[in-house]
Amino acid sequence: MDPLKALADAERKPYWLDSPAKPEPLPRLFGNTTADLAVVGGGFSGLWTALMAKERDPSLDVVLLEGRRIGWAASGRNGGFAMATLTHGIANGLERWPEEISTLERLGVTNLDEIGEAVARYDIDCGYERTGELHVATEPWQLEAMSEHAEITHELGVRFDILDQEQIRAEVNSPTYIGGQWERDGCAMLDPARLAWGLRQACLSLGVRIYERTPVRAMKDSQVSMDLLTPNGTVKAGKVALGTGVFQPLLRRLKHFLVPVYDYALMTEPLSAEQMDAVGWHNRQGVGDSANQFHYYRLTDDNRILWGGYDAVYYNGGKIKPEYEQRDETFVKLAEHFSVTFPQLSELRFTHKWGGVIDTCSRFSAFYGQAHGGRLAYAAGYTGMGVGATRFGANVMLDLLSGERTERTELRMVQEKPVPFPPEPVRSAGIQMTRWSIAQADLHQGRRNLWLRTLDRMGLGFDS
Ligand SMILES: Cc1cc2nc3c(=O)[nH]c(=O)nc-3n(C[C@H](O)[C@H](O)[C@H](O)COP(=O)(O)OP(=O)(O)OC[C@H]3O[C@@H](n4cnc5c(N)ncnc54)[C@H](O)[C@@H]3O)c2cc1C
C-alpha cells in the first residue's frame, strides 16, 4: 500500500496513552505542606525514586509533584524496550569506562531483574515480556561491526546467539536481514504507559502523596528546608530529587548538559493470524537494526507492530514545543521503511503516529549529581534509553541523598559529568553537522568522517 494511504487514518497521538487504562488525574496541590522528600517529575525517574524511597524507609513522608499528568512525556510514549544496559549499549560503556564495564553490565542486569520483580510484586499489568532483543544487520559492514564486539561482549558474560541469514529470518521474516545477534537477557518488552500508571498506583499504596497538574515554578533554599513553589502552594522539603527529564531545569547547571531531541514512532493495526504467520516472530523479541540511524520495532500484546526511530531531530534553538510531536515528513519515511522491511504486510494500516522528546547528553547515558549541600539530587541524560536505566538512576539519587557510599556512588560513571554542549548558535550548527555526518556514515559502510572522529576523540557525541 502507498505509505500515504497506510498513514491516512492514523491518529496524531501516542498509542500507549490512548488507553482505557488511563487513570483519572490526582488532585493539584492547594496550600502549603511539608515532606521529608519531595520528588519533582512523574515519569519513570520520579516514580521509581518515590517508590523506592518508601521501600527503603516506610516512615518517610514522600511527596511527588508532576507538572502535567503521570507518564505523559517520554515515559508514556516510548518504544517500551526496557534495556539492561546503563551505558546506552556496551560499546559506548566500554569506550568511556572500560575498567568498570563488567560492574556496569552486572548492575544493569540486576536492575532489569528487579524491574521484573517489582512488576510482579505490585501486580502491574504492563505486558512485561523478557524476550531479549534481536540486533539485525542489513548491510555487511554492520555484521563486521557486530563480530568485532562479539568476543568482548561474550567475555563480559552477555548471553547472545549469533544468527546467520537463514536463522535470523526464521526468527523474524524480513528480506532485508543478512544476519544478526539475539541478546537473550538484555531487554524486556513492556507497555510503558501502563508501567507508569502501575508505578503510580504502587506509590499511592505505600503512602506517597502525588499531586498532578502541579508544576514546580521555582525552588528556594531556605537553609532549613528546600521550598518548592507551585502555582497554588508550596512544599517545604528536607530533601529533593529531580526527575524532570529534559524540561526547563530547576537547577540551572543542568541546561549545559541536555539537549531536546525528538524521536518518532508509528503503531500498526493488530496483525491477523495470516499476517503473523507471514512474519514469524514467535519469540516476540524487540528488534533494532544496526545502522547509525536505526529503527526499533516490536510487537504489542495484541500483535500490533510499533515501528520507530531513524530520524532523531534537533530543532534549531533547542526549544520544546507541542507541534514538534508531529512530523509528517518523518512519518512518511518511517512508513516507507516499514514496507521495505515487511513487504508481506503491505495491506497493514497505521492507527497512531506520534513523537516525543528525549533528554540527550553528549555521553549518551545518564549523569548524576547533588546540589544545595547534598539536599538535592538529580539524574538525567538517558538519551533514549531510560526505560530500564531510570530505575538505576533513582537508586543513585536515593544513595546520594542518604549520604551513604555505595557501589553505585563509587562508580566513575556516577561521579563524572558529560562534556557540556556549547551555547547557541554553535550548539545548533554543531548538532546539525553531526546529524548530517551520521547519515553520511550510513551511506558509506559506516565510515566516520573527520568531524565524527574529532567528536569521538573529545568524548562528545549526538544520539537518540
Ligand atoms: C519516542 C520515544 C521512544 C523511546 N523509546 C525508548 C525505548 O524503547 N527504550 C528506552 O529505554 N527508552 C526509550 N525512550 C526514552 C525513555 O522514554 C526516557 O529515557 C525515559 O522515559 C525518561 O524518563 P524520565 O522520568 O527521566 O523523563 P520524562 O518521562 O520526560 O518525565 C519527566 C517528567 O517531569 C515532569 N516535570 C518536568 N519539570 C517539572 C517541574 N518543574 N515541575 C513538575 N514536573 C515537572 C514532566 O512533566 C514529565 O512528566 C524513548 C523516548 C521517546 C520520546
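Refer to the structure presented above.
This report concerns the structure included in the present document.

The rules behind the values
- Residues numbered from 1 in each chain as written.
- Predicted model: local features only at pLDDT ≥ 70, side-chain atom pairs only at ≥ 80, totals over all residues.
- Heavy atoms only, no water.
- Disulfide = S-S within 2.5 Å.
- Buried < 20%, exposed > 50% of the residue type's maximum accessible area, 1.4 Å probe, protein only.
- Helix = DSSP H or I, 4+ residues; strand = E, 2+ residues; numbered from the N terminus.
- Pairing = 2+ DSSP bridges.
- Patch = residues over 30% accessible without salt bridge, like charges linked within 9 Å, V, L, I, M, F, W, Y side chains within 5 Å.
- Areas by Shrake-Rupley, 256 points an atom, 1.4 Å probe, with all protein chains shown as cover.
- Salt bridge = Lys/Arg side-chain N within 4 Å of Asp/Glu carboxyl O.
- Phe/Tyr/Trp six-rings, centres within 6.5 Å; stacked < 30°, edge-to-face > 60°.

Next up on the list: the state of the cysteines. A complete count under the given rule lists zero disulfides for this structure. Cys187 takes part in no disulfide bond, and the closest cysteine sulfur, belonging to Cys126, lies 13 Å away.

Here we take up the pairing of strand S12 (residues 259–268). Consecutive residues of a regular strand have side chains that alternate between opposite faces of the sheet. S12 sits mainly inside the fold: 10 of its 10 residues count as buried. The side-chain alternation of S12 yields two buried faces, one formed by Val259, Val261, Asp263, Ala265 and Met267 and the other by Pro260, Tyr262, Tyr264, Leu266 and Thr268. Where S12 lies against strand S16 (residues 350–360), 10 bridges are found, and the strand directions are antiparallel. Paired with Val261 across the bridge in S16 is Ile358. Two elements, S12 and strand S15 (residues 305–313), share five bridges in a ladder whose sense is antiparallel. Looking at the pairing, Leu266 lines up with Trp307 of S15.

A cluster of nonpolar side chains, contributed by Met433, Trp436 and Trp451, occupies part of the molecular surface with about 310 Å² of accessible area. Looking at where Trp451 falls in the secondary structure, it is placed in helix H13 (residues 450–458). On the accessibility criterion, Trp451 (31% relative accessible area) is partly exposed.

Burial analysis of strand S18 (residues 376–380) places five of its five residues in the buried class, the great majority of the element. What you see with S18 is no split at all: Leu376, Tyr378 and Ala380 on one side and Ala377 and Ala379 on the other are buried throughout. Inspection of the sheet shows strand S11 (residues 233–242) paired to S18 by three bridges, in the parallel sense. Each residue of the ladder has a partner; that of Leu242, found in S18, is Tyr378. Relative to S18, strand S17 (residues 367–371) is paired through five bridges, and the arrangement is antiparallel. Within the sheet, the bridge partner assigned to Tyr368 lies in S18 and is Ala379.

Taken as a whole and assessed by the stated rule, the structure comprises 18 aromatic pairs. Between Tyr262 and Tyr324 the ring centres are 5.5 Å apart and the planes differ by 80°, which places this aromatic pair in the edge-to-face class. Of this pair, Tyr262 sits in strand S12 while Tyr324 is found in the loop between S15 and helix H9 (328–341), placing the two residues 62 residues apart along the sequence. A relative accessible area of 1% means that Tyr262 is categorised as buried. Pairing Tyr297 with Phe342 gives two aromatic rings, centres 5.9 Å apart and planes at 85°, and the pair type is edge-to-face. On the criterion of sequence distance, the pair formed by Tyr297 in strand S14 (residues 295–299) and Phe342 in the loop between H9 and S16 is long-range, its members being 45 residues apart.

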